[in-house]
Amino acid sequence: MRTIRYTDAVTNRKWRVAILGLGHWYSAYNLARGLTEYPQAELVAAAWRDPAQLDTFTRTFGIKGYADYRALLDQERVDIVQIATPVDEICEVTLLCARAGKHLIVGKPIAMTLEQADRMVDAVEDSGVCCFPFEGFNRLRLAELKTRLEAGQIGELAIIHQTCRWSIAEDWFRSGTPGWFVDPAHVPGGAFIDEGIYWIDAFRWLTGSDIADVYARTANVVHKNLEVEDWGQATFTMRNGVIATLEAAWTINAPRPTGPSPKQNSVVRLELVGTRGEIHDQWFRAPGRAVLASGARDWVVERQAEEPFAPAAPVPLAHVIECVEHGRQPVSTIRDARASLAAAFAAYESAREGRRVALTM
């Protein structure tokens, strides 16, 4: 890991933010909404090639719009950029922003190939900018859970099970079409990498270990005519011996057999199995956490409460700002994203060849 050398590590300023690309429209909208009540930063501009979508977005949030990414960077004073392009554009846009000295939030997965990811790592580290990859989001969301693990609440972590079954992605809000999300020209894979990359990163973080090998299978079980898979399952063996299983899919199609389903119908469940207990964490359910702690007689069900009446927080932008202002490395780095991408590609290799695939250090 190279030395942090952020050049503008100062406090008491209002950070100027831009969004490049509206392919990952949901992350763009989430950031823009969060910034309306966040005093430390402001959204100043967005760039995207679709004029109608760009116009809708910029009018909604009262910002400038550009058809060209470079033009935005040339004409606007911007400190931080969130990249929300389709995957095939992420590498070149990252290089453009890093060379321009912009701090970065990078979409997921970060690249189409490991060669692209290597170029991104070099550019980010050579520029000295702060870069947070979006697949590291669970490191922010599950920080309290990791603290419990480190405190030994369930003994030594032995097994992780993660299920994430969603409806198929949409290329725009209520478009009813997946568009670029299922086009091999724009993505390196389907549901397994799109939904699973978050959890591959989380496995490395929760266990504090790299991945030794993976055995995987992919298929099209609901959307049979896609050019990418809608279902994947893999078993990762960590170098410290922890076993982690992952199911990542676009198989939810209720209440309608066609078209995307409401996100609350998704199944996103994390099970942490320790030598003296377990923690189960589930999204879209309340209460969503069950804990069988070391020494406890029974399960304790917990509601994961949010701070009442609090303004929206632009996560992970707030984390990037905090890191820059205090000269700290983000909790997840571009190198972490590269490692997770390599593990996902190894899983695809395993599925194609029907064998266990080892990962090199």
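This is a predicted model, so every value here is computed, not measured.

Thresholds, definitions, all that
- Residues numbered from 1 in each chain as written.
- Predicted model: local features only at pLDDT ≥ 70, side-chain atom pairs only at ≥ 80, totals over all residues.
- Heavy atoms only, no water.
- Helix = DSSP H or I, 4+ residues; strand = E, 2+ residues; numbered from the N terminus.
- Rg over C-alpha atoms; globule rule 2.2 N^0.38 Å.
- Contact = heavy atoms within 4.5 Å.
- Areas by Shrake-Rupley, 256 points an atom, 1.4 Å probe, with all protein chains shown as cover.
- Lys, Arg positive; Asp, Glu negative; His and termini not counted.
- Charge placed at Lys NZ, Arg CZ, Asp CG, Glu CD.
- Core = buried A, V, L, I, M, F, W, Y, C linked by side-chain atoms within 4.5 Å.
- Buried < 20%, exposed > 50% of the residue type's maximum accessible area, 1.4 Å probe, protein only.
- Axes fitted to C-alpha atoms, helices over the stretch in contact; angles between N-to-C directions.
- Parallel < 35°, antiparallel > 145°, perpendicular 65-115°, else oblique.
- Left-handed = near helix turned anticlockwise from the far one by under 90°.
- Nonpolar A, V, L, I, M, F, W, Y, C, P; charged D, E, K, R; others polar.
- Salt bridge = Lys/Arg side-chain N within 4 Å of Asp/Glu carboxyl O.
- Phe/Tyr/Trp six-rings, centres within 6.5 Å; stacked < 30°, edge-to-face > 60°.
- Lys NZ or Arg CZ within 6 Å of the ring centre and 35° of its normal.
- 1 Å grid on protein atoms, 1.4 Å probe; cavity = no way out; pocket = protein on both sides within 12 Å on 5 of 7 lines; lining within 4 Å.
- Points joined across faces, edges and corners; volume = space filled by probe spheres on them.
- Pairing = 2+ DSSP bridges.

Some words on the overall build of the protein chain
Next, step 1: Of the regular secondary structure elements, the protein chain holds ten helices and 15 strands.
Next, step 2: Radius of gyration (C-alpha) of the protein chain: 20 Å, near the 21 Å computed for a compact globule of 361 residues.
Next, step 3: Counted over contacts in the protein chain with a minimum sequence separation of 6, partners at least 24 positions apart contribute 69%.
Next, step 4: Total accessible area on the protein chain is roughly 16000 Å²; 49% of this is exposed by carbon and sulfur atoms.
Next, step 5: Of the side chains in the protein chain, 39 bear a positive and 45 a negative charge, and the two mean positions are spaced by 2 Å.

Regarding the nonpolar core
Next, step 1: Within the largest apolar cluster, 119 residues are counted, with the highest numbers of intra-cluster contacts made by Phe-57, Leu-104, Trp-199, Phe-236 and Leu-272.
Next, step 2: Per-element accounting of this core gives the leading share, eleven residues, to helix H8 (residues 191-207).
Next, step 3: Beyond its immediate sequence surroundings of up to four residues, Phe-57 is in contact with Ile-19, Leu-22, Ala-28, Tyr-29, Ala-32, Leu-43, Ala-46 and Ile-63.

Remarks on unusual backbone geometry
Next, step 1: A cis geometry characterises the amide bond from Lys-108 onward to Pro-109, with omega recorded as -20°.
Next, step 2: Take Pro-109: it is sitting in the loop between strand E5 (103-106) and helix H5 (114-127).
Next, step 3: Of note, the bond from Val-315 into Pro-316 is cis; its omega dihedral lies within 30 degrees of zero at 5°.
Next, step 4: Residue position: Pro-316 is located in the loop between strand E14 (300-302) and helix H9 (317-326).

Here we look at the packing of H8 against helix H10 (residues 334-353)
Next, step 1: Following both chains from N to C, one finds H8 and H10 inclined at 120°, their axes separated by 9 Å at the closest point. In terms of axis orientation, H8 runs oblique to H10. The element H8 and its partner H10 pack so that their crossing is right-handed. Of the residues in H10, those in contact with Phe-192, Ile-193, Ile-197, Ile-200, Asp-201 and Arg-204 of H8 are Asp-336, Ala-339, Ser-340, Leu-341, Ala-343, Ala-344, Phe-345, Ala-347 and Tyr-348.
Next, step 2: The residue inventory of the contact of H8 with H10, partitioned by class, reads eleven nonpolar, one polar and three charged.

As for the pattern of salt bridges
Side chains that differ in charge, positive against negative, can pair when their charged atoms come close.
Next, step 1: Under the definition given, this model contains 26 salt bridges.
Next, step 2: Ionic pairing is found between Arg-16 and Glu-76, a salt bridge with its closest N-O pair at 3.8 Å. With Arg-16 in strand E1 (residues 15-20) and Glu-76 in the loop between helix H3 (69-75) and strand E4 (80-83), this residue pair connects regions lying 60 residues apart in the sequence.
Next, step 3: When its relative accessible area of 16% is taken as the criterion, Arg-16 is described as buried.
Next, step 4: Residue Arg-165 pairs with Glu-247 through a salt bridge whose shortest N-O separation is 2.7 Å. Highlighted residues: Arg-165 in strand E7 (residues 157-165) and Glu-247 in strand E10 (residues 243-249), separated in sequence by 82 residues.
Next, step 5: Judged by its relative accessible area of 13%, Glu-247 falls in the buried class.

Here we look at the packing of aromatic side chains
Note on aromatic pairs: each is described by the distance of the centres and the angle between the planes.
Next, step 1: Using the criterion set out here, one finds 16 aromatic pairs in the structure.
Next, step 2: Ring centres of Tyr-29 and Trp-172 lie 6.0 Å apart, and the angle between their planes is 70°; on these two criteria the pair is classed as edge-to-face. Of the two residues, Tyr-29 is situated in helix H1 (residues 25-35) and Trp-172 in the loop between E7 and H8; the sequence distance between them amounts to 143 residues. Trp-172 shares its class with Tyr-29; the two are buried.
Next, step 3: Through a chain of ring-to-ring contacts, three or more aromatic side chains come together here, namely Trp-25, Tyr-26, Tyr-29, Phe-57, Phe-61, Trp-172, Phe-173, Trp-180 and Phe-181.
Next, step 4: Over the ring of Trp-15 we find Arg-13; its NZ or CZ atom is 4.0 Å from the centre of that ring.
Next, step 5: For the cation-ring pair, Lys-146 lies above Trp-205, with the distance from its terminal atom to the ring centre recorded as 5.2 Å.

Thoughts on empty space enclosed by the protein
Next, step 1: Scanning the entire structure with this criterion turns up two cavities of 30 Å³ or more.
Next, step 2: In this structure, the second largest cavity spans a volume of roughly 40 Å³.
Next, step 3: Counted by class, the lining of the second largest cavity contains six nonpolar, two polar and one charged residues.

Some points on the pairing of strand E12 (residues 277-282)
Next, step 1: Sheet topology places strand E11 (residues 267-274) next to E12; six bridges connect them, and they run antiparallel. Bridge pairing links Leu-270 to Asp-281 in E12.
Next, step 2: Where E11 folds back on E12, the antiparallel hairpin that results is connected by two residues.
Next, step 3: Pairing geometry for E12 and strand E13 (residues 289-292), over four bridges, is antiparallel. In the sheet register, Asp-281 faces E13, and the bridge partner there is Arg-289.
Next, step 4: Taking the residues that link successive antiparallel strands as the turn, the E12-E13 hairpin has six residues, and the phi of Phe-284 there is positive, at about 65°.

Notes on the sheet that holds E1
Next, step 1: One open sheet holds the six strands; their spatial order is E3-E2-E1-E4-E5-E6, and the pairing between them is parallel. The open sheet has two edge strands, strand E3 (64-66) and strand E6 (131-133), and neither has a second partner. Geometrically, the sheet is characterised by an average inter-axis angle of 20° between neighbouring strands, direction not taken into account.
Next, step 2: Sheet topology places E4 next to E5; four bridges connect them, and they run parallel. Bridge assignment links Val-81 to a residue of E5, and that residue is Leu-104.

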